Each structure stands twice: as structure tokens, then as C-alpha cells.
Amino acid sequence: MNLHDVDYTHMRCTLGQWKPGHGFAVFPASTVPDGAYVRSRIPHGGYGANQLMLGCYTYRKGIHKPGKPTGHRAFRQHGFFPVWRTADDDDYDTADFVDMRSGFIAWDNLHCGWSNGPASPSYSSVGCQVVAGFPKCTKRGAASRDEGPWKQFLDNAYAADQGNFRYALFSGYEAQSMAVVGSQQMRQSLRFGSQGEIVRSMQAKLNALEYDAGDVDGEFGFDSLNALMTFQKRVLGTEDADGIVGPMTADALGIDLPYLDGGVPAIATPAAEDDDAEVDDGDDESGPLRPRPDAEDDGAPLSFEISKEVDGGKTRYYAKANGTKVFIGRQVRYERNIGLTNIYDLSMTPAGVYDNNDAATRHGQWAHFIWPTAIGESKAHFACINTYDRARFTIGFSQLAAHTPDENLIVLYRRLLALPDAGRYFPDLTLVGGKVHQTLPSGGTRNLEVVTDRELRHFMAYLNPDLSTIDNAEVVSAARAIFGMMESEEHRELQIGLTIEIARRKTKRAAQNGVPIVGRKLRYAMWVFDVLHQGRAGRGAYPKLKAAIESSNPERALMQFGIADHEDRIRSVKASMDQLQSGGILDIDRLKYGSGEFA
């Protein structure tokens, strides 16, 4: 199965049935309403169409739409279900509202979807959970029968000697993260229908803060949901009021969420004092202490102790291995995401800075060509990291991102895994047929290079399972890459070589697509690379770049791409280019792209 965003037009969800001792069966389905119904109800304040909240519910055997021509055997809603309603657009998000009318029943049954499946551009749902297929009903005639996936789904359930069925609704991202990283790296979350001692802790905290969660009974019901969403709106903001206690909400409430396998959170806070570990205080540009070259067990897999320290309102994460403790990154928020970055604390960052003059002794003038972009991306730090944006994980002086197939970070990991020391830094990764795979506890492997909607979502989720929080797996992934860059010259050299390959490929592709850089100042080609590498030209980049170079002042025109949002970066890139020229390092105003080393 692949991960696809819902579009309210096609059935892009999956419903599963679990039979103990037999395993799972999965069916094409939709857990969101058809967009046509949603749009038709916007003038009515959103009432009449809804989307079921993520949670745990109960259905019972029964007739959907009894007494109606389309009535058929199905599964009826058992009790109150909280639902989202939208009155502003044709999708559902936290800007919409949850229908919290006490005693109200939306009747979000589970029934047949009247659809051939994902390829069909419609299905029948105003909020119910539906499975692809067609039902036996009066409207379809006396000779009609249940057909398609729905028939098997219905037969399986009705054959069971039970009247009620529990139903857990998760997002596709949650399911993917669980499949990729496993129960040891994902924390539990609380949502409507959850039960147990952690729910009691949540209820007690909400009541203590004077948000009325009702009885502290361990049952996440109407009162708990109402109290939680009020708390989230006031403390975290409307955009994070999703009715789910994930790591961010748990942190705000002051409760700990264990991992799915029952383990306790692995991030210790505050960090224990250790006289043998040194952490740079930010004043010394030389960076923190590096491991001794003769450290014991150099070939053994690194085992990390992760900690976080809060100082001056800033939360910083550290990793310690073999007696050496290093700074990994600071917690930051970007839109709705929470992740790590060390761009504001680069003096604390290990692994050093890319030296273009040194690299030129091995890579020639291309080492200088990429240097201004390295300065713009990371101030040329090998271990610069970002885990908060859509790529989920980006690292390196040229900021190699995890989401692109056959480019950037995945290529670096392929090459790192081919090194003799791969087991030290990446003990649960291996190469199978030249592709990056995760080694599973069972002894098998999982391909992390499966492409979904042009992204490496398995690889992204392996490195960073949850964009809503900073979790242990995310910090450990960063620590493994950073320790490798810190300890190994080969790791740093691979990063240099790959970045030069990227620069060669992007400028060559630009020239092949009509961008007139061949025979012109090398400076212009360097700007084209920088614009393309950061993506500042957006879609249709080549015609825009062509027009800029053919203008009366090409450099000024090239500098205008993204100037509103990235002025500081653009100015630092220009200053670095000017330094190459004025310092006699590389005559970028005389040399031509397409000749000499740049042919």
C-alpha cells in the first residue's frame, strides 16, 4: 500500500479487518465524505456533511437507511461520534469546527460506497465510512447482490459470532510511520475512545487546570474531548486543536506518553552532569570535543544517550556516545511542525566547516563553484541539520533533503552504507540491490526507497516519524549522521563529491533546457545553481532564468529570485562570489561556463 492524500473525489483510504489467528484483510475505502456533498452543505453552515474525527469507535450489525430503496446490510453507529464540519471550503482541518452537541447522533454508519474503487471519480458518503463495491438493495432490483470488495468485507464480518465491532481510525501518516519505524520508536497518543491510566492522567491534569474533563474514569469521551480541545485552543492555538494528545499536547499538559511497546520516553531531561563530557558554550568557534582517534570499540555500533536542556527559553538536544556529548539541534516551530535545527547555534555544531581551498586540491575548481551556495545554505557547516519542514530531514553543508528519489540525501546514504564503517553509524540500515533498506528485528529488510507521490516517504518517516514533535528516533537519526561527519573524513568527502555532482548536473540540465549560461560568465552559472538548488524560481524555472540572463543586468535579475524571503542568504551568496573574485581564488568574471574545467 502507498500513502496518498485524500482528495474528496476518489477512494484513497484503506479499511482493514483483523481476525485473530488469521491476520488482516484490507479493502479500498473512504473515511472522508465525497466532495460534492461537502460543497453542497457549505451554504448550510456545514451541517449535513461531516468527517469523522480520528479515534476509536464501535459499530454494530444493522441496516443502513432502513426502509429506504438504498437500504442494505451494513454496520450502524453505536453511540456518540464526534465529527468535523466545514462551512468555508471543501476539506476539513483544524480551522473548521467539531460538532459537540450533547446527545447528537450524526449517524456515520459503515456501509457500501457505491463505487468501483480508487479509479472511480465519486462515491456515496456524506460522512460515513464506506467500502468500495455495490450493495444488495431494492433500488438495484430483486436480483441484485452484494458485489466487489464490499461483499467480502460484509461476509467476513457477518460470519463472525459477534454483534459489535471496535473500529480505530488513524491517519495514513500514522500507519506509515508505524510500518516503517515500529512500536519502539512511536509514542502512544490519546484520542476519542481511548481508555486506560494515561487517559486518567490526562483527565486529572485537565481538571486541575480548570478545564472540566468530567469524571477521572480513564474513558476518553465527550467531556474529555470538549475539555481537551478548549485547552488546545487556548494554550497551543486553533491550528493545533485536533482533539488528539500527541507529544506536543502531552508536553503542554505535563504528562508522559510511553512508546507503543510500553517503553518509557528515552529523552532524559534535564541532562545529567558529566565531568567527562564537554559541550561547547557557543563562544569557541573550534566546536566541541571530538572523540579520540584511538577510542575503544571504534567498529562497534554507536549507542546514544539522548538528553535535552532548557536554557533561556531555548530547548537544545544533545547526544552522547563513547563518552563524547555533542550538540544536535535546537527545538523550533515551523508552521504546524516542530523539529530540530542548529543553524542558530553553528558554533556549537561538530564536524567542522567546508574548506573550498582544501577541497580544490582534490576536486579542482568545482570546489570553489559550490562554495557560495554552501555559505548560503549552512554557512558551510558539514553537520547543519533541519528536521522541521516537509522533507522531514535535511543535513549537510549543501542541505541534502530526504524526500527526493535518486537525488540528494538518499544518494549520500547509499554511499555511506557502502563504507567499511557503515555498521558503526547505521547499524539497522543496509544496501539491497544498491537501495537503502532497513534491517528488521525478524531478520528481513524493508525497502526505504519506495516512491509515493514522487517522495521517499518510507525513508522520510524512518528518519523523522512525527513532524508534530521531536522524538527519540528523530534525534538518534540526526546523531548518527552528525557523529559520522564528525569522526570520518570519508563521510565529509562523500558530501563534497555529491554536492559537486549535483552542481554539475543542475547547471548542465539548465543549459540543455535553454538557459544561456554556456560561454557566459561563470558567475551567472553559479547563480543559476544557487537558485535551482534552493528552488527560489519555483515551477517553470528555466524560462525565468533564461529571461534573467538575457536582461541588461543578469546578476541583478538573478538575485531577484526569492529576494523578499531570502534577502540575507542572497546577499551572503553574492559576498562569497565577490570574495572568490577579489581574492584571486577563482576568476568567475573571466572564466566561462562550458570551457576548461567547467566544460
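Please read all numbers here as calculations on a predicted model, not as lab measurements. (Residues numbered from 1 in each chain as written. Predicted model: local features only at pLDDT ≥ 70, side-chain atom pairs only at ≥ 80, totals over all residues. Heavy atoms only, no water.)

Caption draft 1: Main features of the overall build of the protein. When helices and strands are counted, the protein shows 18 helices and 20 strands. At 28 Å, the protein has a C-alpha radius of gyration in line with the 25 Å of a compact globule built from 599 residues. The principal-axis extents of the C-alpha atoms in the protein amount to approximately 85 × 60 × 45 Å. Relative to all contacts within the protein whose residues are 6 or more apart in sequence, the contacts with residues 24 or more apart total 60%. Summed over its atoms, the accessible surface of the protein is roughly 26,900 Å², and 48% of this surface lies on carbon and sulfur atoms. Side-chain charges of the protein comprise 65 positive and 77 negative groups, with the mean position of each set lying 10 Å from the other. (Helix = DSSP H or I, 4+ residues; strand = E, 2+ residues; numbered from the N terminus. Rg over C-alpha atoms; globule rule 2.2 N^0.38 Å. Contact = heavy atoms within 4.5 Å. Areas by Shrake-Rupley, 256 points an atom, 1.4 Å probe, with all protein chains shown as cover. Lys, Arg positive; Asp, Glu negative; His and termini not counted. Charge placed at Lys NZ, Arg CZ, Asp CG, Glu CD.)

Caption draft 2: Structural detail: the sheet that holds strand β18 (residues 429–432). Reading across the sheet, the three strands line up as β18-β19-β20 and stay open at both edges, with antiparallel pairing between neighbours. At either margin of the open sheet sits one strand with a lone partner, and together these are β18 and β20 (445–447). Going across the sheet, the axis of each strand differs from the next one's by a mean of 45 degrees, ignoring polarity. By the bridge criterion, three bridges tie strand β19 (residues 435–439) to β20 in an arrangement that is antiparallel. Residue pairing for β20: Thr 439 is matched across the bridge by Thr 445. (Pairing = 2+ DSSP bridges. Axes fitted to C-alpha atoms, helices over the stretch in contact; angles between N-to-C directions.)

Caption draft 3: Seen up close, the pairing of strand β4 (residues 55–64). Two elements, β4 and strand β10 (residues 164–169), share six bridges in a ladder whose sense is antiparallel. Bridging across to β10, Cys 56 finds its partner in Ala 168. Pairing geometry for β4 and strand β5 (residues 72–77), over six bridges, is antiparallel. Bridging from a neighbouring strand, Arg 60 pairs with Arg 76 of β5.

Caption draft 4: Here's a closer look at empty space enclosed by the protein. Under the definition given, this model contains two cavities of 30 Å³ or more. Forming the boundary of the largest cavity are Tyr 413, Phe 426, Leu 429, Tyr 462, Leu 463, Ser 477 and Arg 480. Those elements that provide at least two residues to the lining of the largest cavity are α12 (457–463) and α13 (472–487). (1 Å grid on protein atoms, 1.4 Å probe; cavity = no way out; pocket = protein on both sides within 12 Å on 5 of 7 lines; lining within 4 Å. Points joined across faces, edges and corners; volume = space filled by probe spheres on them.)

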